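A structural walkthrough
So you can see what is in the structure, the chains are spelled out below.
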Amino acid sequence: MSLSEQCGPWDVPLKCHRITHPCVHSAALCSILCREHQTLSCRCCTHGVCPCLTPDTLPYSIRVLFESSVRNCDGFLVKEADAMNILDWKTKQSHVEVPFCPARVVLQDFTGIPAMVDFAAMREAVRNAGGDPVKVNPACPTDLTVDHSLQIDFILKNQEMEFGRNRERLQFFKWSSKVFENISIIPPETGMAHQVNLEYLSRVVFDVKDLLHPDSVVGTDSHTTMVNGLGILGWGVGGIEAEAVMLGMPLSLPLPHVVGCELTGTANPLATSIDIVLSVTKHLRQADVAGKFVEFFGSGVSQLSVADRTTIANMCPEYGAILSFFPVDNVTLKHLKHAGFDKAKLEVTEAYLKTVKLFRSDESSSREPEYSQVVQVSLDSIIPYVSGPKRSQDRVAVNNMKSDFQACLNEKSGVKGFQVAAEKQNDTVPVQYEGNEYKLSHGCVVIAAVISCTNNCNPSVMLAAGLLAKKAVEAGLAVKPYIRTSLSPGSGMVTHYLSSSGVLPYLSKLGFEVVGYGCSTCVGNTAPLPEAIRNAIKQGEIIACGVLSGTKNFEGRLCDCVRANYLASPPLVVAYAIAGTVRIDFDSEPLGTGFNGKSIYLRDIWPTRQELHTVEEECVISSMFRELKEKMEVRKGNKRWNLLEAPESTLFPWDLKSTYIRCPSFFDKLVTAAPAAVENAHVLLFLGDSVTTDHISPAGSIARSSAAAKYLSSKGLTPREFNSYGARRGNDAVMTRGTFANIKLLNKFIGKPAPKTVHFPSGQTLDVFEAAELYQKEGIPVIILAGKKYGLGSSRDWAAKGPFLLGVKAVLAESYEKVHRSQLIGIGIAPLQFRPGENPTTLGLTGREQFSIMFPPDLSPRMTLDVKTSTGKVFSVIALFENSMEITLYKNGGSLNFVARRFL
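Only a predicted model underlies this, so the values are computations on that prediction, with no experimental measurement involved.

Moving on to the overall build of the protein. When helices and strands are counted, the protein shows 33 helices and 34 strands. When the 904 residues of the protein are sorted by exposure, 58% land in the buried category. Residue pairs in contact within the protein that sit at least 24 positions apart in sequence constitute 73% of those at least 6 positions apart. Only carbon and sulfur atoms are counted for the fraction: they give 51% of the accessible area of the protein, which is about 35,700 Å².

Moving on, we come to the packing of aromatic side chains. Given two aromatic rings, their pairing is described by the distance between the two centres and the angle made by the two planes. The tally for this structure, following the rule as stated, stands at 22 aromatic pairs. With centroids separated by 4.2 Å and ring planes inclined at 5°, the aromatic side chains of phenylalanine 296 and phenylalanine 326 adopt a geometry described as stacked. Taken together, the positions of phenylalanine 296 in strand β13 (residues 293–297) and phenylalanine 326 in the loop between β14 (323–325) and α15 (330–338) put the pair 30 residues apart, joining distant regions of the chain. Phenylalanine 326 matches phenylalanine 296 in its accessibility class, with the two residues each being buried. Within the aromatic cluster, the residues linked to one another by ring pairs are Phe119, Phe172, Phe173, Trp175, Phe180, Phe652 and Trp654. Above the face of the tyrosine 60 ring, arginine 63 is positioned so that its terminal group lies 4.4 Å from the ring centre.

So, on to the side chain of histidine 695. Residue position: histidine 695 is located in helix α26 (residues 693–696). Of note is the side chain of histidine 695, whose polar atom sits 3.0 Å from the backbone nitrogen of threonine 692. Apart from residues no more than four positions distant in its own chain, histidine 695 is found in contact with Ser690, Phe740, Ala741, Asn742, Lys744 and Leu745.

Take the environment of cysteine 561 next. Of note, cysteine 561 is situated in the loop between β22 (545–548) and β23 (564–567). Classification of cysteine 561 as buried rests on a relative accessible area of 6%. When the C-alpha positions of cysteine 561 and leucine 529 are compared, they lie 9.2 Å apart, and in sequence the two are 32 residues distant. Once you skip the residues sitting within four places of it in the chain, cysteine 561 turns out to touch Leu529, Arg534, Ile537, Lys538 and Ala544.

Below, the discussion takes up the confidence of the model for the protein. The predicted model of the protein averages 85 in pLDDT, with 84% of residues at 70 or higher. Every residue in residues 148–159 is under pLDDT 50, and counting partners more than four places away or in other chains gives 24 contacts. For residues 552–557, every residue scores under 50 in pLDDT, and the model assigns this stretch 23 contacts once sequence neighbours within four places are set aside.

The omega angle of the peptide bond from glycine 388 to proline 389 is 10°, so this bond is cis rather than trans. The residue proline 389 is located in the loop between β16 (385–387) and β17 (395–397) in this model. Between phenylalanine 760 and the following residue, proline 761, the backbone shows a cis peptide bond with an omega angle of 5°. With respect to the element layout, proline 761 can be found in the loop between β27 (756–758) and β28 (765–767). Not every positive phi belongs to a glycine, and asparagine 680 is a case in point at roughly 50°. Locating asparagine 680 in the fold gives a position in strand β26 (residues 677–686). Asparagine 680 sits in the partly exposed class, given a relative accessible area of 42%.

One full turn of an α-helix is made of 3.6 residues, so residues set three or four places apart face in the same direction. All buried positions along helix α32 (residues 884–891) are accounted for by Met885, Glu886, Ile887, Leu889 and Tyr890. For α32, the secondary structure elements touched by its buried residues are α31 (818–827), β31 (830–834) and α33 (895–901). Between the side-chain oxygen at the start of α32 and the backbone nitrogen of methionine 885 there is a gap of 3.2 Å, and the oxygen is on asparagine 883.

Here we take up the sheet that holds strand β15 (residues 373–378). As a general point, the strands of a sheet are linked pairwise by backbone hydrogen bonds and lie either parallel or antiparallel. Overall, parallel pairing links the four strands, which are arranged β14-β13-β12-β15 in an open sheet. Each having just a single partner strand, β14 and β15 make up the two edges of the open sheet. Averaged over neighbouring strand pairs, the angle between their axes works out to 25° when direction is ignored. Across six bridges, the pairing between strand β12 (residues 258–264) and β15 is parallel. Within β15, the residue paired with cysteine 261 across the bridge is valine 375.

A word on the sheet that holds β31. If you trace the seven strands once around the closed barrel, you get β26-β29-β30-β31-β34-β33-β32, paired in mixed fashion. Strand-to-strand, the axes of this sheet are offset by a mean angle of 40°, without reference to chain direction. With four bridges connecting them, strand β29 (residues 782–785) and strand β30 (residues 808–813) associate as parallel partners. Across the sheet, leucine 785 pairs through a bridge with leucine 812, a residue of β30.

Another aspect to go through is the packing of helix α3 (residues 60–71) against helix α4 (residues 80–87). Between α3 and α4, the least distance of the axes is 9 Å, while the angle of their chain directions is 165°. On the basis of their axis angle, the class for α3 and α4 is roughly antiparallel. Here α3 and α4 pass one another in a crossing that is left-handed. Of the residues in α4, those in contact with Ile62, Leu65, Phe66, Ser69 and Val70 of α3 are Ala83, Ile86 and Leu87. Here the contact of α3 with α4 is composed, by residue class, of seven nonpolar, one polar and no charged.

This part takes up the state of the cysteines. By definition, a disulfide is the covalent link that joins the sulfur atoms of two cysteine residues. Applying the stated rule across the entire model yields zero disulfides. The cysteine cysteine 101 is free of any disulfide, with cysteine 140 supplying the nearest cysteine sulfur at 8.4 Å. Judged by relative accessible area, which is 13%, cysteine 101 ranks as buried.

Trp235, Leu684, Phe740, Tyr790, Leu812 and Leu832 are the most contacted members of the largest nonpolar core, which has 174 residues in total. A total of 10 residues in this core trace back to one element, the largest contributor, which is helix α6 (residues 109–128). Discounting chain neighbours no more than four positions away, the residues touching phenylalanine 740 are Leu685, Leu687, His695, Ile696, Leu745, Pro755, Val768, Ile784, Tyr790, Pro803 and Leu806. Core analysis: the next-biggest nonpolar cluster, separate from the first, contains 78 residues, Val429, Leu463, Ala472 and Leu487 among them.

Looking now at the side chain of asparagine 228. For asparagine 228, the position within the fold is in the loop between β9 (216–219) and β10 (233–236). When near neighbours in sequence (up to four residues on either side) are disregarded, asparagine 228 contacts Leu233, Gly234, Ala313, Leu323, Ser324, Phe325 and Phe326.

What follows concerns the pairing of β23. Neither face of β23 is exposed, since Ala564 and Tyr566 on one face and Asn565 and Leu567 on the opposite face are all buried. Note: β22 against β23, four bridges, orientation parallel. Considered in β23, the bridge of valine 547 is made with tyrosine 566.

Of all the eight residues making up helix α30 (residues 798–805), seven are buried; the element is thus mostly covered by neighbouring parts of the structure. Of the positions making up α30, those classed as buried are Trp798, Ala799, Ala800, Lys801, Gly802, Pro803 and Leu805. Positive phi appears at glycine 807, one or two residues downstream of α30, with a value of about 95°.

In this section: the packing of α30 against α31. Running from N to C, α30 and α31 point in directions that differ by 45°, and their axes come no closer than 9 Å. Taken as axis vectors, α30 and α31 run oblique relative to one another. Helix-helix and strand crossings are classified by hand; for α30 and α31 the assignment is right-handed. Residues Ala799, Ala800, Lys801 and Phe804 of α30 form the contact with α31, whose own contacting residues are His820, Gln823, Leu824 and Ile827. Taken together, the residues of the contact of α30 with α31 sort by class into five nonpolar, two polar and one charged.

What follows is about the pairing of β29. Residue alternation in β29 divides its side chains into two sets, Val782 and Ile784 and Ile783 and Leu785, and both sets are buried. Relative to β29, β26 runs parallel, the two being bridged by four bridges. Paired with histidine 682 across the two strands is valine 782, which belongs to β29.

Along the chain, the position of serine 202 falls in the loop between α10 (193–201) and β7 (205–208). Taking the C-alpha atoms as reference points, serine 202 and isoleucine 232, separated by 30 residues in sequence, lie 7.8 Å from one another. Among the polar contacts made by the side chain of serine 202, one reaches the side chain of arginine 104 at a distance of 3.5 Å.

Procedures and definitions
Residues numbered from 1 in each chain as written. Predicted model: local features only at pLDDT ≥ 70, side-chain atom pairs only at ≥ 80, totals over all residues. Heavy atoms only, no water. Helix = DSSP H or I, 4+ residues; strand = E, 2+ residues; numbered from the N terminus. Buried < 20%, exposed > 50% of the residue type's maximum accessible area, 1.4 Å probe, protein only. Contact = heavy atoms within 4.5 Å. Areas by Shrake-Rupley, 256 points an atom, 1.4 Å probe, with all protein chains shown as cover. Phe/Tyr/Trp six-rings, centres within 6.5 Å; stacked < 30°, edge-to-face > 60°. Lys NZ or Arg CZ within 6 Å of the ring centre and 35° of its normal. Polar contact = N/O pair within 3.5 Å; in protein donor to acceptor, adjacent residues only side chain to side chain. pLDDT = per-residue confidence, 0-100. Pairing = 2+ DSSP bridges. Axes fitted to C-alpha atoms, helices over the stretch in contact; angles between N-to-C directions. Parallel < 35°, antiparallel > 145°, perpendicular 65-115°, else oblique. Left-handed = near helix turned anticlockwise from the far one by under 90°. Nonpolar A, V, L, I, M, F, W, Y, C, P; charged D, E, K, R; others polar. Disulfide = S-S within 2.5 Å. Core = buried A, V, L, I, M, F, W, Y, C linked by side-chain atoms within 4.5 Å.

And the structure:
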């Protein structure tokens, strides 16, 4: 039953404004003007009661999809049936495609440059066709961060050289920021895409002209999924999908399965955020969540800070999920307060989300959503580990550390054992150091290094080390002076938040002084041990230990006399340094003696998760957000960006000599609909199975013998100036020449891997671009023959744009990777599929024929079409259009042309 049948005529979307309705919510989610019941239906309040819609049991992530479908329903791009399918998620999941209109788009510069070049070219085309180019703007709010791919250059070269090298691209971005509406350019020296997205761009709730709706985002960076930790639905997409959303088109996705991940219990006091994140990741990987949404619920969720949540969400590629969603709760609101949300905005955000039931609460009496499956993770089962004593893959539970080290002493020499005779395992060696006598024994700690790198960059684990040091000093504990202690923060930001939280002086008192920001202890850059200590270790054949929070612990790497090395979290490094040995049971044995002779146990000084969260939010988060906000709103970029000159004209003044930015030819035939037939087409490439987007799309360095290299050489560039395809994504001449330029491309015409093809009927072996150019000069269309799984791999915009500019009109394949199929349609190439059991071999095709394909005016999804060859053979293929929208886009020459025509 449709919504209309259920509720009578209704208007979509009903604009429910805060001004006119006391409920702070979007009526699109839970209210409709129901003429059958003559009331404004508000399931979440007392302003009318109507039983028509009941998405209360939907997963929170699906509720966001539902809200978007109703608010954006126009009867064409988003239909009433789409909303009904989402509402009926329980039975329709994975069986139907649904549209999704994200609230915004985030681009990083490598994918942003071709998108903005396309918009600039669209303005040119609209003007040439008699339209108003000023109307050409992104329809969806878009943010583009320039820093993302420049970061390495900043390390390698100074910023002045960076601006000089990339001045042309930066000027184009500056022009874009001036002339286009609905787009914000985040200038250089601000931060990378995912950082800025998480720390500054996230709204959580959009407030547009008094209409509230959930924040959601798609981005061209794989780290986009981080925002799900803030309760913002988002994931990474390819350039064509992002550009389509910018143009006002919805994404199409299978209505996903949603795996509920229930967190229960209480985390072990010694378990750090990293322990929890890695354990959750392991459970999800084992649960087979690939291609699904994951959503977290249960009493344990509130124990995770927003930093923990975003880290879990960011690890989606590790376990294959599309996204991992944490609905907004009180932890999120507290974070937003420290992130700079003012009181009024917080109140509106909270009221809106609670009203539309997008707010998760442990106290709520309502039942949990229904999920496709549930994965249970007990936080009680997560225990801290260290790795060692010789290999990082050998994990040891902290509560088993003492017994495990004893086992290593007994075991034969090998990957773990040291083979120490039983009568010598309790030997001690006295040593004089700085006027005092100490005794060294097997398991004594002589190196302790706190390093902030790789997974230990999470603020909570470094803060935990600092807070533990503070409590230890205040309790009267100390580290023996002969132990080589060090603190390598990894970045100035780590030092900043350790200092601002007040814990840095306490680390220093325990000997953990800042030694620098580069790789240190784990690559063997350890200061020499005192000579007396070295001699004692060697003379007594002591198995001495190093404990560090880095990534490498090979035997002898830290020091040739330190044979046992353990990787541990930063706070455990400090704890073992205080204890002076790894042969300790933290539960039953004290770390040492404090003031007044009192025994101090690890549990006495270990910071609680609540303490960590409080310091993290109040010191780290507030400081980071203040700094970023100052960059964006006070300084408004940086001096070089602000002084950078750029044109202000409505149309971009293309430089015909430029080898970085060029007006592409996507819109050369803007007013002409797609042809009704592909006639007498030659085969440009005859490919086999599993052709990936890496084979198709230009990537990496530009080979000196390639068509792109020849083009750049003709422009006066030397090979050293070629740069990469990624840097030249704004130049269609380079990118088209780089299409199918992969040296591993296996074309059946050639018979071996090579970026070559054969031109017919001349028989010449040419670069793929050269053959395509020759066909275009002759006025002959081209097609591609392929096998199974055409277009596998990561989504790339030029994997579709490149073939289009080579003149490819259709691809005939046995099967397609789903995303690439939609990209072909989006650019104006017809994806055709051989009938089951048929392929070029079974049909006796050589690829040397010419092919003609008729597209009838009444083209419909999955229609069977006839293909005629120049040899007289006729066979049928399936037109792989899934819906009427895809057919409309194809008939209009793709999404770019379809949208451009709307401006005429």
